[in-house]
Amino acid sequence: MLRYTLLRILGAIPTLLLVIALAFLMVHAAPGGPFDAERRLPPEVEANIAAKYHLDEPLPKQFARYLGGLLQGDLGPSYRYRDRTVSELIGSAFPNSLRIGALAILFALLVGISSGTYAALRQGTLTDRFVMGLSMTGISIPVFVIAPVLVLLFAVKLQWLPAGWTSTESVSRYVLPVITLALPQIAYIARLTRASMIDVLGRDFVRTARAQGLGTLRVVRVHALKPALLPVLSYMGPAIAGIITGSVVVEEIFGISGVGQQFVRGALNRDYTLVLGVVVFYATLIVAFNLIVDILYAVIDPRVRYR
Amino acid sequence: MSLLDVTGLTIRYGNNTVVDGVNLFVERGESVGLVGESGSGKSQSAMAILGLLSAGAEVSGSIEFDGRQVLGADERWLDTLRARRIGIVFQDPMQALNPYLRVGIQLRQVLLAHGLADARSADARVTEMLARVGLPDPQRQFRAYPHELSGGMRQRVMIASALIAEPDLLIADEPTTALDVTVQAQILDLLEDIRDNTALLLITHDLGIVAGHCEHMIVLEKGRVAEAGPTTSVFASPRHEHTQTLLSAALRVDRGAAPEPVDGRTLLAVDEASVRYRERGGAALEAVNDVSFALRQGETVAVVGESGSGKSSLVRAVLGLVPMASGKVVYAGEPLEGPVQHRARAQRRDLQLVFQDPASALNPQMRVQTIVEEPLLVHERGMPSNERLGRVTAILAKVGLSDAFLRRFPHELSGGQAQRVAIARALVLEPRVLVCDEAVAALDGSVRKQVLELLRNVQDETGLSIIFISHDLAVVRSISHRVLVMYAGRLVEAASNEQIFSTPLHPYTKALIDSVPVPDPVVAPKAAPVRGETPSLLNPPPGCVFHPRCPRVDDTCSVERPRLRDSGGTRVACHYPLDN
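Cut-offs used in this document
Residues numbered from 1 in each chain as written. Chains lettered and ligands numbered in written order. Predicted model: local features only at pLDDT ≥ 70, side-chain atom pairs only at ≥ 80, totals over all residues. Heavy atoms only, no water. Helix = DSSP H or I, 4+ residues; strand = E, 2+ residues; numbered from the N terminus. Contact = heavy atoms within 4.5 Å. Areas by Shrake-Rupley, 256 points an atom, 1.4 Å probe, with all protein chains shown as cover. Lys, Arg positive; Asp, Glu negative; His and termini not counted. Charge placed at Lys NZ, Arg CZ, Asp CG, Glu CD. Buried < 20%, exposed > 50% of the residue type's maximum accessible area, 1.4 Å probe, protein only. Pairing = 2+ DSSP bridges. Buried area = accessible area lost by both parts, 1.4 Å probe. Salt bridge = Lys/Arg side-chain N within 4 Å of Asp/Glu carboxyl O. Polar contact = N/O pair within 3.5 Å; in protein donor to acceptor, adjacent residues only side chain to side chain. Nonpolar A, V, L, I, M, F, W, Y, C, P; charged D, E, K, R; others polar. Axes fitted to C-alpha atoms, helices over the stretch in contact; angles between N-to-C directions. Phe/Tyr/Trp six-rings, centres within 6.5 Å; stacked < 30°, edge-to-face > 60°. Lys NZ or Arg CZ within 6 Å of the ring centre and 35° of its normal. Right-handed = clockwise from strand over helix to strand, strands pointing away. 1 Å grid on protein atoms, 1.4 Å probe; cavity = no way out; pocket = protein on both sides within 12 Å on 5 of 7 lines; lining within 4 Å. Points joined across faces, edges and corners; volume = space filled by probe spheres on them. Domains from an automatic or database assignment. Parallel < 35°, antiparallel > 145°, perpendicular 65-115°, else oblique. Left-handed = near helix turned anticlockwise from the far one by under 90°. Core = buried A, V, L, I, M, F, W, Y, C linked by side-chain atoms within 4.5 Å.

1. A word on the overall build of chain A
Thought 1: Helix and strand counts for chain A come out as 13 helices and 0 strands.
Thought 2: Sequence-ordered secondary structure for chain A, helices as α and strands as β, is α-α-α-α-α-α-α-α-α-α-α-α-α.
Thought 3: Counting only C-alpha atoms, chain A reaches 85 × 55 × 30 Å along its principal axes.
Thought 4: Expressed as a percentage of contacts within chain A between residues at least 6 apart in sequence, the contacts between residues at least 24 apart total 73%.
Thought 5: Looking at chain A as shown, the accessible area adds up to about 16000 Å², and 67% of this sits on carbon and sulfur atoms.
Thought 6: The average position of the 28 basic charges and that of the 18 acidic charges among the side chains of chain A differ by 14 Å.

Below, the structure written as structure tokens:
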């Protein structure tokens, strides 16, 4: 198991390097520079700026410098906010995205898995169709529709909850963004769980467990749940990385200063180091969560360790 | 009052009646065999007794267990019946055990669910039970996952799980069908030893198992009871036609006339063939080690062995389907080498193959006509289509299928019909060598008999040579002229049919023969002749590969590898061959 884990971690390093290199190249291939403006700067000033940010160096050298910084957690200076580094910008935005994202994930897993399992146990009944119909609706409605509707209903009409990201720390400001983020996930997880639970419930070892008189609850809890959650687990790896780094749409609509918002601003302001920083940050999280998923897979399915 | 009293049990799925008015009794402590071919409704009946039929099944009749009605009973009560009063062992323990849970945990759940032990005392009882079913080092095996155990050990765990709650009735549904024959003998012994006063309902297609292990037997045919009675009297004087058919199709390993030896010229000679597979991580697996044999014109050579013996790898290497690590093959005076796609067309044409499972060997999207004429399209490109059709209908007629089958798809065929189509496809090119890889293993007894007769007839007519790979010694006895016995990748004995079965020289050959259940209640079943299971080929034992299981083992055997040597017409690799 330890060997497996170490091998997986080693295997993740080249993937990460490749993603960083690609992102770096793409940002540098973008036309126009970060300091191009309407009015052309005098050449000596341009040269000075280029020298300050090492933009005059050959690309491989810049890349090496960037990697060196990365190893120390330094994502470089922001081109726009002259006195701040990219690490600082992401560092200040990430806690907001993380808190909302984590809550949304927990909520989605809880509701998604239980409703999916429930539907699987009542496969073909009205309850099943109702739950599945509801979740199909959840998948079909885009976030930019759900969010305004929720705001309209709970903030404007009923006035139970704040419409945006209030500056004071309160539980109520989390509710709408978390639900908005969680709804499509609930729907997707419920469908995944249902399909794989139905598959597992039809397997021979579940028949054995039934023949042993374990009762439905024990059959599901002890025998069926773990294998049925494997597809959910593989989905959750990249999904978690995506959710906790902040949804661009949700953060814009609720006015939350999170990583997603940083990314949009970076792109609009041609703040290339910020864009690159967010991409690298996101990629690292994706690789990390996929790694965790791989390891959890081996924990759940002992046969994986031998492959 | 019977322990189990089933009357008029009928099970329907829509318009399809799978069990039709079955009556069945099991008294306390007795053993009853439920026999039938595939689709006779034996497993469905067992599932109904446990209340485990799927929701789509319409069930009627009566199932009384210990005086209480099972049909229509509520789930809560059924759960107290399952495992606690009625234990069940399923066919394939690899599927029937949960691959995600340690075996000890799975057994422990049975005790906990029925309130037979608390969390602290459960583990000790599980370990004790694992020891009783013969798992070595039960404390360690408690923590093993099913895939870490051998097939036989897995089935022992399954039996432990069925008996740990001390039920009154044990249902065993084809408990040994997925196992090797020497392991089957061990598991049957175990069932016999361990069940004490637990009644046994043994579901099987194998009349040999019923003859040796059941006091009463019930013969099912297409969902109906054809015949029921004490095993000895059913075998001695079967009254129902279906029972007679089954009994006459049951092959015996202990008697039968050996086919006359064939004196043709050598057609195919295999010289010191070896096959190695490279495992992940670089370890080499020696699947076949220096095997030599010859096949004469018009002769059937059987290659027998248990799983992992290398019998399939050997012939696949001969056919060029897997690479041969060393050795050579001469066919009709010409070397036969390289992968099959690089071989001369005529050589490919002359050697044809029939697989075990016709359902997966035939393309489900092709009609029978297309399947059988495909080889002609490759090898007889210029043949006009009406002539081709003539060849196809002629070969189908030869395997006993009428023109009506031309337009059918594989799923519209029974198992026996599908295997006939597979054989027709192999024979349409008039090959000189036919390789049958477990070609009758998936067939019911009565169909198997017909297919074997078909092969014999084709051989008589055309002088076809057959390499017949099989794990079933009774079949081998009935069809082959000569027999090669393989074990762990090595040829351990080669002799004529007559010699192998009357005077086996290698202890393994004798063990194989003695392990086969004889379909005759007069013949007392022999105790399992050898312990243990086939060794891992990644790490074969030193010296003689069979020595860890051999009853005649001595110091030399674990050190020195026995060479194959001649002994009165038999080739045998053993330091201490049997003297019969």
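2. Some words on the pairing of strand 19 (residues 482–487) of chain B
Residue and element names in this part refer to chain B.
Thought 1: Of all 6 residues in strand 19, 6 are buried, a share of seventy percent or more.
Thought 2: Residues Arg-482, Leu-484 and Met-486 of strand 19 are buried on one face, and the alternating residues Val-483, Val-485 and Tyr-487, pointing to the opposite face, are buried as well.
Thought 3: Sheet analysis places strand 13 (residues 300–304) next to strand 19, joined by 4 bridges and oriented parallel. Paired with Val-303 across the bridge in strand 19 is Leu-484.

3. Quick look at the interface of chain B and chain A
Thought 1: On the side of chain A, 24 residues touch chain B, which itself brings 28 residues to the contact.
Thought 2: With both sides pooled, the region where chain B packs onto chain A buries about 2200 Å², and carbon together with sulfur makes up 60% of that total.
Thought 3: Between the two partners, chain B and chain A, sit 0 salt bridges.
Thought 4: The tally of links from chain B across to chain A stands at 7 residue pairs in polar contact (both at pLDDT 80 or more).
Thought 5: At the level of secondary structure, the elements contributing two or more residues to the side of chain B that touches chain A comprise strand 6 (86–89), helix 3 (93–96), helix 4 (103–113) and helix 7 (151–163) of chain B.
Thought 6: Sorting elements by how many residues they give to the side of chain B that touches chain A places helix 4 of chain B first, with 5 residues.
Thought 7: Split by residue class, the side of chain B that touches chain A holds 17 nonpolar, 7 polar and 4 charged.

4. Examining the sheet that holds strand 12 (residues 284–296) of chain B
Within a sheet, neighbouring strands are paired by backbone hydrogen bonds and run either parallel or antiparallel to one another.
All names here are of chain B.
Thought 1: Read across the sheet, 4 strands follow the order 12-11-14-15 without closing on themselves; strand pairing throughout is antiparallel. Every other strand in the sheet has two partners, leaving strand 12 and strand 15 (334–335) as the edge strands with one partner each.
Thought 2: Across 2 bridges, the pairing between strand 14 (residues 326–331) and strand 15 is antiparallel. When the sheet's bridge partners are listed, Val-330 is paired in strand 15 with Pro-335.
Thought 3: With respect to the sheet, helix 12 (residues 311–319) is in contact with strand 11 (266–278), strand 12 and strand 14, its orientation differing from that of strand 11 by roughly 115°.

5. Comments concerning the packing of aromatic side chains
Thought 1: Within this structure, the stated rule accounts for 9 aromatic pairs over all chains.
Thought 2: Aromatic pair Phe205(A) and Tyr100(B): ring centres 6.3 Å apart, planes at 70°, arrangement edge-to-face. Pair noted here: Phe205(A) is in helix 8 (residues 204–211) and Tyr100(B) is in the loop between helix 3 and helix 4, and the two residues belong to different chains. Taken as a pair, Phe205(A) and Tyr100(B) share a single burial class, namely buried.
Thought 3: Consider the rings of Tyr487(B) and Tyr508(B), whose centres lie 4.5 Å apart with planes at 55°: the pair is tilted. With Tyr487(B) in strand 19 and Tyr508(B) in helix 21 (residues 507–515), this pair connects stretches of sequence that are 21 residues apart. Pair check on accessibility: Tyr487(B) and Tyr508(B) agree, each one buried.
Thought 4: In this structure an aromatic cluster arises from ring pairing among Phe24(A), Phe63(A) and Tyr66(A).
Thought 5: Residue placement shows Arg303(A) over the ring face of Tyr100(B); its charged tip is 5.4 Å from the ring centre.

6. A few points about the pairing of strand 18 (residues 465–470) of chain B
All names here are of chain B.
Thought 1: In terms of burial, strand 18 is largely enclosed, as 6 of its 6 residues are buried.
Thought 2: Burial along strand 18 is two-sided: the face carrying Ser-465, Ile-467 and Ile-469 and the face carrying Ile-466, Phe-468 and Ser-470 are both buried.
Thought 3: Of the strand pairs in this sheet, strand 17 (residues 433–437) and strand 18 are connected by 5 bridges, and their pairing is parallel. In the sheet register, Val-433 faces strand 18, and the bridge partner there is Ser-465.
Thought 4: On the question of chirality, the crossover connecting strand 17 to the parallel strand 18 by way of helix 18 (residues 445–462) is right-handed.

7. With respect to unusual backbone geometry
Thought 1: For Asp196(B), which is not a glycine, the phi torsion comes out positive at approximately 50°.
Thought 2: Asp196(B) sits in the exposed class, given a relative accessible area of 60%.

8. Observations regarding the layout of surface pockets
Thought 1: One number sums up the size of the second largest pocket: a volume of about 970 Å³.
Thought 2: If you trace the second largest pocket, you find 30 residues lining it, with Arg210(A), Leu52(B), Leu53(B), Ser54(B) and Ala55(B) closest to the centre.
Thought 3: When residues in the lining of the second largest pocket are grouped by element, the largest group, 4 residues, is from helix 8 of chain A.
Thought 4: When its residues are assigned to classes, the lining of the second largest pocket shows 16 nonpolar, 7 polar and 7 charged.

9. Remarks on the domain arrangement of chain B
All names here are of chain B.
Thought 1: Here chain B is partitioned into domain 1 (4–249) and domain 2 (266–572).
Thought 2: Spacing between the C-alpha centres of domain 1 and domain 2 amounts to 33 Å.
Thought 3: Of the residues lining the interface, 27 residues belong to domain 1; the matching set on domain 2 comes to 27 residues.
Thought 4: Summing both partners gives a buried area of about 2000 Å² for domain 1 against domain 2, and 55% of it is carried by carbon and sulfur.
Thought 5: On the domain 1 side of the contact with domain 2, Asp-180, Val-181 and Thr-182 bury the most area, a combined 27% of that side's loss.

10. Digging into the packing of helix 8 (residues 181–194) of chain B against helix 21 of chain B
Residue and element names in this part refer to chain B.
Thought 1: Where helix 8 meets helix 21, the axes come as close as 8 Å, and the angle between the chain directions of the two elements is 50°. When the axes of helix 8 and helix 21 are compared, the pair comes out oblique. For the pair helix 8 and helix 21, the crossing hand works out as left-handed. Note on element contacts: helix 21 touches helix 8 through Ala-511, Leu-512 and Ser-515, opposite Val-181, Thr-182 and Ala-185.
Thought 2: Counted by class, the contact of helix 8 with helix 21 contains 4 nonpolar, 2 polar and no charged residues.

11. Comments concerning the nonpolar core
Residue and element names in this part refer to chain B.
Thought 1: One finds Leu-4, Leu-24, Leu-169, Ile-171 and Leu-201 to be the most contacted residues of the largest nonpolar core, which totals 89 residues.
Thought 2: Counting residues per element, this core draws most heavily on helix 7, which supplies 7 residues.
Thought 3: Residues in contact with Ile-171, not counting those within four places in the same chain, are Ala-46, Ile-49, Ile-86, Gly-87, Ile-88, Val-89, Leu-201 and Ile-203.
Thought 4: Within the second largest apolar cluster, 59 residues are counted, among which are Ile-467, Ala-495, Leu-512 and Leu-537.

12. Regarding empty space enclosed by the protein
Residues and elements named next belong to chain B.
Thought 1: One pass over the structure, following the stated rule, counts 4 cavities of 30 Å³ or more.
Thought 2: Around the largest cavity, the lining residues are Cys-544, Phe-546, His-547, Cys-550, Arg-552, Cys-557, Pro-562, Cys-574, His-575 and Tyr-576.
Thought 3: Residues that form the lining of the largest cavity fall into these classes: 7 nonpolar, 2 polar and 1 charged.

13. Considering helix 21 of chain B
All names here are of chain B.
Thought 1: Within helix 21, 8 of the 9 residues are buried, which leaves the element mostly enclosed by the surrounding structure.
Thought 2: Turning to helix 21, its buried residues number three or more, namely Pro-507, Tyr-508, Thr-509, Ala-511, Leu-512, Ile-513, Asp-514 and Ser-515.
Thought 3: The inward-facing, buried residues of helix 21 abut helix 8, helix 19 (473–479), strand 19, strand 20 (490–496) and helix 20 (497–502).

14. As for the environment of Val275(A)
Residues and elements named next belong to chain A.
Thought 1: Within the fold, Val-275 resides in helix 13 (residues 272–300).
Thought 2: Note on Val-275: relative accessible area 13%, which makes it buried.
Thought 3: Residues contacting Val-275, with those up to four places away along its chain left out, are Phe-263, Gly-266 and Ala-267.

15. What to know about the side chain of Thr393(B)
Thought 1: Following the sequence through the fold, Thr393(B) ends up in helix 16 (residues 385–398).
Thought 2: Note on Thr393(B): relative accessible area 18%, which makes it buried.

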